[in-house]
Amino acid sequence: MDSELRDSDSIKEEPAGGSLAGNFAPNRWVKLNVGGQIYTTTLDTLVGREPDSMLARMFLQDGSMKPSERDEQGAYLIDRSPRYFEPIINYLRHGQFVCDSNISVLGVLEEARFFGIYSLVTHLEERLGQQDDPQSDDRPLTRMDVIKAIIQTSVITELRFQGVNLSGADLRKLDFRNINFKYANMSHCNLSHTNLNYCCLERADLQYANLECAQLVSVRGLCANMEGANLRGCNFEDPTGVRTNLEGVNLKGACLESSNMAGVNLRVANLKNANMKNCNLRAAVLAGADLERCNLSGSDLQEANLRGANLKDAELTLMVTPLHMSQAIR
């Protein structure tokens, strides 16, 4: 059969069940018979925007899905509702969801799921969620929400979660390097074994969050609220000598046992009742910090600055290096 297109309105016959992408040009016209309604579109429309969709795979040469049967006019038969298909084909054409008021958005969503148009699925799910709950914008983001945001953001683009509600989210073992969490609500989050190097945590709410064994190198945590948080076994030390800045942070009742906090700036921090056993605090700045009833037993405070610090009832036994009086002189 002649493989050349005879005129602009005709549909070329391909071998039954054959691979079509090798024969179709991107601007080649294709007819679809959806539930008895004929739609005419281009191969580029079906493949370009959603290359992993069912419609795209029907016309790709990888053989992952064979095209459907064709009617007497040569249109490919698809047994779905034309009422809900029209907004989908228009979305594939121009990337905007437009739906008449008499068409159910939920019906379009189900069809989008069937055809694997996942960018449209996400848009419609968000739209329906906002209709069901006007306060949905206040809901905490989930682990999947955060992972999607990371995946969809270029490595050269700054990712910002500033002011975002992440309360209670399971974010363990994720890589958050260089992300801006300023003012974010991260209370009760599970951030264990998470890489937070070079993050901005200024004034973030991390009350009772679990950050066990997290990487916190060169974090900017000015005035962050970490009351009751678990930071056992964390690493704050930057080998290049840049200090992690936790000035004014609230670590009341927090657990920092066995953490590497060498050189950390904890000026005027609230460390009342904190557990800092066996911490490496060499050259740390604790000037003006409130260390009342803080457990510092077994810690290394060599060259640490404790001028003006409140050490009332602090536990200072089994120190690696005896505390020198000059370190605490006001």
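Residues numbered from 1 in each chain as written. Predicted model: local features only at pLDDT ≥ 70, side-chain atom pairs only at ≥ 80, totals over all residues. Heavy atoms only, no water.

Trainee: Can you walk me through the nonpolar core in this structure?
Mentor: Note that soluble globular proteins tend to have their nonpolar side chains buried in a common cluster. With 55 residues, the main nonpolar core has Phe 181, Leu 211, Leu 231, Leu 266, Leu 271 and Met 276 as its most contacted residues. In this view, Leu 231 contacts Leu 211, Leu 216, Met 226, Phe 236, Leu 251, Ala 254, Cys 255, Leu 256 and Ser 259; residues no more than four positions away in its chain are not counted. Phe 59, Ile 88, Phe 115 and Val 121 belong to the second-largest nonpolar core, a separate cluster that totals 31 residues. (Core = buried A, V, L, I, M, F, W, Y, C linked by side-chain atoms within 4.5 Å. Buried < 20%, exposed > 50% of the residue type's maximum accessible area, 1.4 Å probe, protein only. Contact = heavy atoms within 4.5 Å.)

Trainee: Can you help me understand the confidence of the model for the protein chain in this one?
Mentor: Interpreting fine coordinate detail is not advised for predicted regions of low pLDDT. Per-residue confidence for the protein chain gives a mean pLDDT of 85, with 84% of residues at or over 70. Per-element confidence in the protein chain ranges from a low mean pLDDT of 80 for helix H5 (residues 118-132) to a high of 93 for helix H3 (residues 82-94). (pLDDT = per-residue confidence, 0-100. Helix = DSSP H or I, 4+ residues; strand = E, 2+ residues; numbered from the N terminus.)

Trainee: Quick question: what am I supposed to make of the sheet that holds strand S2 (residues 37-42) here?
Mentor: In any sheet, the strands associate via hydrogen bonds between backbone groups, in a parallel or an antiparallel arrangement. A sheet is described by the order of its strands in space; here 3 strands give the open sequence S2-S1-S3, paired in mixed fashion. Across the chains shown, the open sheet's two edge strands, defined by having one partner strand only, are S2 and strand S3 (76-78). Each strand axis lies, on average, 30° off the axis of its neighbour in the sheet, ignoring direction. Pairing of strand S1 (residues 29-34) with S3, which is carried by 3 bridges, proceeds in the parallel orientation. The residue of S3 that forms the bridge with Val 34 is Ile 78. Packed onto the sheet, H3 meets S1 and S2 and runs at close to 10° relative to S2. (Pairing = 2+ DSSP bridges. Axes fitted to C-alpha atoms, helices over the stretch in contact; angles between N-to-C directions.)

Trainee: What's the story with the packing of aromatic side chains in this structure? I'm lost.
Mentor: For any pair of aromatic rings, the description consists of the separation of the ring centres together with the inter-plane angle of the planes. Inspection of the entire model under this criterion finds 5 aromatic pairs. With a centroid separation of 5.7 Å and 10° between ring planes, the pair formed by Phe 161 and Phe 181 is classed as stacked. Separated by 20 residues along the polypeptide, Phe 161 in the segment after helix H6 (143-152) and Phe 181 in the segment after H6 bring together distant segments of the chain. For Phe 181, a relative accessible area of 1% gives the class buried. Through successive ring pairs, a cluster of aromatic residues spans Tyr 39, Phe 85, Phe 114 and Phe 115. Sitting over the ring of Phe 114, Arg 80 keeps its end group 3.7 Å from the ring centre. (Phe/Tyr/Trp six-rings, centres within 6.5 Å; stacked < 30°, edge-to-face > 60°. Lys NZ or Arg CZ within 6 Å of the ring centre and 35° of its normal.)

Trainee: It is not clear to me how the pattern of salt bridges should be interpreted in this structure. Could you clarify?
Mentor: Opposite charge on two side chains permits pairing when their charged atoms draw close. Here the structure, examined in full by the defined rule, presents 11 salt bridges. The salt bridge partner of Glu 111 is Arg 80, with a shortest N-O separation of 2.9 Å. Here the residue Glu 111 occupies a position in helix H4 (residues 105-115), and Arg 80 occupies one in the loop between S3 and H3, the gap between them amounting to 31 residues. Assessed through its relative accessible area of 7%, Glu 111 is described here as buried. A relative accessible area of 26% means that Arg 80 is categorised as partly exposed. The residue Arg 172 makes a salt bridge to Asp 170 at a minimum N-O spacing of 3.2 Å. Residue Arg 172 is classed as partly exposed on the basis of its relative accessible area of 41%. Among the residues examined, Asp 170 registers a relative accessible area of 28% and is labelled partly exposed. Via salt bridges that share partners, Glu 110, Arg 113 and Glu 125 belong to a single interconnected network. (Salt bridge = Lys/Arg side-chain N within 4 Å of Asp/Glu carboxyl O.)

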